[in-house]
Amino acid sequence: MIREHLTFRRAVPEDKPAVLAICAQIWEGDDYIPEVWDAWIADLYGQFSVVDLDGKVVGLGKLTRLTPTEWWLEGLRVDPAYQGQGIGRFLHEQGVALADRLGKGVLRFATSSANHSVHRFAADTGFAHIGGYVLCKGPASTSLTAFTPLPESDLDIASHFLEGSERFQAAHRLFEDRWWTWQTLTRELLSRYAAQGQLLGWRRHGRRLSGLALVSDYPSEGRLIVHYANAPGDTLSDLARDLRYLAGERGLELVDWKVFDRPDTRAALEAAGYENTWENTLWVFERPIRPRAVDSE
């Protein structure tokens, strides 16, 4: 079996040419891993790993610590010339075992709803599918918005709003802090966004908080990125429309928002002028980390 010839190890700087050669064949050469190479190699908490087949790098993957109790598997890649030989499963299993050795808490990852082989890996290693996301985009428009930055003095109000939200609980309290990575939206993270002016309160009428949004501007790409947004019931459609107005107010071209996949949420965004731009859904999987004793050696 080919697995007998595979070696899983920490990546080193000398692996860069081989890793970049694999990434050049992913997503028509538009893989993000070359941009994060330096950060991944320097990571002191997680591990950037490669798989060797008889001395040749044929795969890679990354275990990332998001918080002391939340870990993320990402960047699983197999050289296209070696796909279909069990290397992807080997990488996944080794990444899970590494999390069990290094971490505590919960381990998550995301993959396409069409990636059935990875779904099987997930089931075999104890993961549960906890939900999916769709990428919705809405063109910027021009009108007044009901958004204002929330100061840190309003964090109690924002936290209370989230804790009382059925949508927030249904999405397992997760949000996309950095691209393609979901973690728990805590008060500490709300505070960080507030300090940067990126936590916005939405008030439809009067002074009461009707919704909130965590956003980032990407002027070079003309996008307003929505890390998380929420409003109760059918008012979500009005909040989503206001985000389009906010993008226009800031001179951006569109709103880019990965939304937790529910029929009512999809309907709300469609009514607000958004379009689901993905053929499939991005599924998130979760598994408790099962700490194991480190080998004496």
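Everything below is about the structure printed above this text.
So, here's what we can say about the structure. By convention here, each chain's residues receive numbers from 1 onward along its written sequence. In view of the model being predicted, local features appear only for residues whose pLDDT reaches at least 70, and side-chain atom pairs are presented and counted only at 80 or more, with totals across whole chains, interfaces and linings using the full set of residues. Hydrogens and water molecules were not included; the side-chain quantities draw on all heavy atoms of the structure.

## Observations regarding the nonpolar core
Stated precisely, the cut-off is as follows: To define a nonpolar core, start from buried Ala, Val, Leu, Ile, Met, Phe, Trp, Tyr and Cys residues and group those joined through side-chain atoms within 4.5 Å. Relative accessibility decides the category of a residue: with a 1.4 Å probe and only protein chains considered, values under 20% of the type maximum give buried, values over 50% give exposed, and everything between is partly exposed. In this text, helices come from DSSP runs of H or I with a minimum length of four residues, and strands from runs of E with a minimum of two, each type numbered from the N-terminal end. Note on contacts: a residue pair qualifies if any of its non-hydrogen atoms lie within 4.5 Å across the two residues.
Formed by 25 residues in total, the largest nonpolar core has its most connected members in Phe147, Leu224, Leu239, Leu243, Trp257, Leu269 and Tyr274. Listing elements by their share of this core, those giving two or more residues are strand E6 (128-139), strand E10 (199-202), strand E11 (211-218), strand E12 (223-230), helix H8 (236-249), strand E13 (254-260) and helix H9 (263-271). Sort the elements by how many residues they give to this core and H8 lands first, with six residues. The residues touching Leu224, leaving out its near neighbours within four places in the chain, are Val215, Ser216, Asp217, Leu243, Leu246, Ala247, Arg250, Leu252, Leu254, Val255 and Asp256. Residues Phe8, Ala99, Phe109 and Ala122 belong to the second largest nonpolar core, which totals 23 residues.

## Overview of the layout of surface pockets
Heads up, the rule is: Cavities and pockets were defined on a 1 Å grid built over protein atoms only: a cavity is a set of grid points that admits a 1.4 Å probe from which the probe cannot escape, a pocket is an open set flanked by protein on both sides within 12 Å along at least five of seven lines, and lining residues are those with an atom within 4 Å of any such point. Grid points are joined across faces, edges and corners, and a volume is the space filled by probe spheres set on the points. Three classes are used: nonpolar for Ala, Val, Leu, Ile, Met, Phe, Trp, Tyr, Cys and Pro, charged for Asp, Glu, Lys and Arg, and polar for all others, with Gly counted as polar.
The space that makes up the second largest pocket amounts to roughly 300 Å³. Forming the boundary of the second largest pocket are 16 residues, of which Phe161, Arg208, Leu209, Ser210 and Pro232 lie nearest the centre. For the lining of the second largest pocket, the secondary structure elements donating two or more residues are helix H5 (155-163) and helix H6 (166-170). In terms of residues, the lining of the second largest pocket owes the most to one element, H5, which gives three residues. When its residues are assigned to classes, the lining of the second largest pocket shows five nonpolar, six polar and five charged.

## Observations concerning the pairing of strand E8 (residues 174-178)
Keep this limit in mind: The rule for pairing is simple: two strands pair if DSSP sees at least two bridges between them.
Among the five residues in E8, four count as buried, and that is most of the element. For E8 and strand E9 (residues 181-184), the ladder comprises four bridges, and the chain directions are antiparallel. Within the sheet, the bridge partner assigned to Arg178 lies in E9 and is Thr181.

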